[in-house]
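Reading the structure
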Amino acid sequence: MVKGTALRIFGAVLAGGEARRMGGVDKALVTFAGKSLLAHVLDRLEPQVEEVLISANGDASRFAQFGCKVVADDLPQGPLSGVLACLTRAAKMGATHLVTTPVDTPFIPGDLVPQLLLAAESAPEGLAMARDDQQDHPATAVWPVGLADALAAYLAEGGRKVTGFTRAHGAVTARFPDAGAFVNLNTAEDMAQAEAWAKGAP
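None of these values were measured; they are calculated from a predicted model.

This part covers the overall build of the protein. Along the protein, the regular secondary structure elements total 6 helices and 9 strands. When contacts within the protein are restricted to residue pairs at least 6 apart in sequence, long-range pairs at least 24 apart make up 70% of them. Of the roughly 9,500 Å² of accessible surface on the protein, a fraction of 51% belongs to carbon and sulfur atoms.

What follows is the structure in structure tokens.
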């Protein structure tokens, strides 16, 4: 992170998955605890950033109610192609950093962005990802927009794994004490189990 530079932090919700384990539905619009998964994530992410982008392909009008710019991949190659498209768009809009999170993580922490930025200060290229007591969550991360060229090259060379890129670029971790904060709701069973948990979540 460049000292003395005014930070402009944008967010991006990665909503490009096909939700095969939910029958191929549009996961972003699946109802959980009374509202869509996307609405849950936006409620938590929007207060922490200047603007939120939605990374998704297909008909952008299905997200019109959320009031966010929808960014499609130039060439769909998994979550990193969504990150790249949003990095490129955010940079054109004046952002210095992009914080990404998957659409199926409705419990992300209210201090996600400041904790990621704090951790990123010790990263050689300013890249930091979330970690709970059990594992890393590389798709929940802060990305300096200056990494766009390197990410484009990685994808052009056939790279697909998020961890392959983050490791190569010295990503550090921001540790969060609550493992439930980053739970992925991938199946109907996950949704049912999380409903009870959500009632006690802040």
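Here the focus is the pattern of salt bridges. Scanning the model with the defined rule gives 6 salt bridges in all. Residue D26 pairs with R62 through a salt bridge whose shortest N-O separation is 2.4 Å. Of this pair, D26 sits in the loop between β1 (9-14) and β2 (31-32) while R62 sits in the loop between β4 (51-55) and β5 (69-71); the two residues are 36 residues apart in sequence, bridging distant segments of the chain. Using a relative accessible area of 26% as the deciding quantity, one classes R62 as partly exposed. A salt bridge links D43 to K35, with the shortest nitrogen-to-oxygen separation between them at 2.3 Å. Note on D43: relative accessible area 42%, which makes it partly exposed. You can call K35 partly exposed: its relative accessible area is 32%.

Along helix α4 (residues 148-156), the residues that are buried comprise A148, L151, Y154 and L155. Buried residues of α4, viewed axially, fall in a sector of 120 degrees; they line one side. When the buried face of α4 is taken as reference, the exposed residues oriented beyond 90 degrees from it are D149 and A156. A positive backbone phi angle near 100 degrees is found at G158, which sits one or two residues after α4.

Rules behind the numbers
Residues numbered from 1 in each chain as written. Predicted model: local features only at pLDDT ≥ 70, side-chain atom pairs only at ≥ 80, totals over all residues. Heavy atoms only, no water. Helix = DSSP H or I, 4+ residues; strand = E, 2+ residues; numbered from the N terminus. Contact = heavy atoms within 4.5 Å. Areas by Shrake-Rupley, 256 points an atom, 1.4 Å probe, with all protein chains shown as cover. Salt bridge = Lys/Arg side-chain N within 4 Å of Asp/Glu carboxyl O. Buried < 20%, exposed > 50% of the residue type's maximum accessible area, 1.4 Å probe, protein only. Arc of directions from axis to C-beta.

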